[in-house]
Amino acid sequence: QVQLVESGGGLAQAGSSLTLSCAASGSIVTINTMGWYRQAPGKQRELVAKITRAGSTNYADSVKGRFTISRDNAKNTVYLQMNSLKPEDTAVYYCNADVLVRKSYFIDTYWGQGTQVTVSS
């Protein structure tokens, strides 16, 4: 019913920048919180940043001051601007969204397929 498609990952050098995008499509009535998570090899998936529909944001301590999350509600798209990248930022990055779909009374959480970000030193 809802698809989240991420783009913008890839290989980057330490200190450089990347921007991730995630577009939601499908039978969407409204999207509440959207977020970015990441999972490094051998580690649990962790929250990177999230943003409410109204624009309130929350960041992991490890990315505060370096990453910026934003969204375009008209496009059902969330972005993650990543600056001053570090090798420890290397992970698969997943977006998620809390979505109310048509003909449903409940908000469900959907996940994208993930995009690899690799930061070399």
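Refer to the preceding data block for the structure.
Anyway, here's the lowdown on the structure attached to this text. (Residues numbered from 1 in each chain as written. Predicted model: local features only at pLDDT ≥ 70, side-chain atom pairs only at ≥ 80, totals over all residues. Heavy atoms only, no water.)

Looking at the element boundaries, T90 is found in the loop between β8 (77-82) and β9 (91-101). You can call T90 partly exposed: its relative accessible area is 22%. Ignoring any residue separated from it by four or fewer positions in sequence, one finds T90 in contact with A40, Q116, V117, T118 and V119. Among the polar contacts listed, one links the side chain of T90 to the backbone oxygen of P87, at a separation of 2.9 Å. A polar side-chain atom of T90 sits 2.9 Å from the main-chain amide nitrogen of V119. (Helix = DSSP H or I, 4+ residues; strand = E, 2+ residues; numbered from the N terminus. Buried < 20%, exposed > 50% of the residue type's maximum accessible area, 1.4 Å probe, protein only. Contact = heavy atoms within 4.5 Å. Polar contact = N/O pair within 3.5 Å; in protein donor to acceptor, adjacent residues only side chain to side chain.)

What follows concerns the side chain of N96. Its location among the elements puts N96 in strand β9. Sequence-distant contacts of N96, defined by excluding residues within four places in its chain, comprise L4, T33, M34, G35, Y37, T109, Y110 and W111.

Pairing is antiparallel across the open sheet formed by four strands, whose spatial order is β1-β3-β8-β7. Of all strands in the sheet, those with a lone pairing partner are β1 (2-7) and β7 (67-72), marking the two edges. Taken over all neighbouring pairs, the strand axes of this sheet differ in orientation by 15° on average, direction set aside. Sheet analysis places β7 next to β8, joined by six bridges and oriented antiparallel. Residue pairing in the sheet places R71 in a bridge with V78 of β8. (Pairing = 2+ DSSP bridges. Axes fitted to C-alpha atoms, helices over the stretch in contact; angles between N-to-C directions.)

Of all residues except glycine, most have a negative phi; of all peptide bonds, most are trans. Its identity as a non-glycine residue notwithstanding, N76 has a phi of 50°, on the positive side. Along the chain, the position of N76 falls in the loop between β7 and β8. Its relative accessible area of 21% is what places N76 among the partly exposed residues. The phi torsion at S84 lies on the positive side, around 50°, for a residue other than glycine. Structurally, the position occupied by S84 is in the loop between β8 and β9. The class of S84 is partly exposed, set by a relative accessible area of 40%.

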